[in-house]
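Structure assessment
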Amino acid sequence: DEILFRQPESSHLGDCPICCVPLSLDPNKFVKYFCCSKLVCNGCTYANMMRQVVERSARECPFCRQLYATSKEETHRQKKKRFEANDPFALREEGRT
């Protein structure tokens, strides 16, 4: 019974690429980054934000360190770049729109 009710080893979303903890099925517990097509857990996102506050640095992706998109056009351009690279994450997101 213990094995059936404990948290699964992984989900279809995979693991956080920074801390390697399995991502939750709850979409409110991770962030999608379109610059590198990664799903990062809220813990790593929060730790990155705190690091940026302490260092007084610009807001950047916790995985690839690219600066956050500041407009919808820039976000669209990032998505398009990943889509043209045949990135499965970007292809799935494009299909949702």
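Presented here is an overview of the structure given in this document. (Residues numbered from 1 in each chain as written. Predicted model: local features only at pLDDT ≥ 70, side-chain atom pairs only at ≥ 80, totals over all residues. Heavy atoms only, no water.)

Helices and strands together make up the secondary structure of the chain, namely four helices and two strands. In the chain, the succession of helices and strands from N to C terminus is α-β-β-α-α-α. Relative to its 97 residues, the chain shows a buried fraction of 28%. Considering only residue pairs separated by 6 or more positions, the chain has 33% of its internal contacts joining residues 24 or more positions apart. For the chain, the accessible area works out to roughly 7200 Å², and carbon and sulfur atoms hold 55% of it. (Helix = DSSP H or I, 4+ residues; strand = E, 2+ residues; numbered from the N terminus. Buried < 20%, exposed > 50% of the residue type's maximum accessible area, 1.4 Å probe, protein only. Contact = heavy atoms within 4.5 Å. Areas by Shrake-Rupley, 256 points an atom, 1.4 Å probe, with all protein chains shown as cover.)

Counting 15 residues, the largest nonpolar core has Cys16, Leu23, Tyr33 and Leu39 as the members making the most contacts within it. Among the elements that make up this core, the one with the highest residue count is strand E2 (residues 38-41) (three residues). Contact partners of Cys16, with chain neighbours within four places excluded, come to Val21, Leu23, Leu39, Val40, Cys41 and Cys44. (Core = buried A, V, L, I, M, F, W, Y, C linked by side-chain atoms within 4.5 Å.)

Moving on: helix H3 (residues 72-84). In this model H3 runs 18 Å from its N-terminal to its C-terminal C-alpha over 13 residues, within 8% of the 18 Å that 1.5 Å per residue would give. Just downstream of H3, Asn86 is the residue with a positive phi angle, here 60 degrees. (Expected span 1.5 Å × (residues − 1).)

To continue, consider helix H2 (residues 42-55). Compared with the 20 Å implied by 1.5 Å per residue over 14 residues, the 20 Å span of H2 between its first and last C-alpha is a close match. By the burial criterion, the buried members of H2 are Cys44, Thr45, Asn48 and Gln52. Viewed along the axis of H2, the buried residues span an arc of 105 degrees, placing them on a single side of the element. Across from the buried face of H2, at angles greater than 90 degrees, the exposed residues are Tyr46, Val53 and Val54. (Arc of directions from axis to C-beta.)

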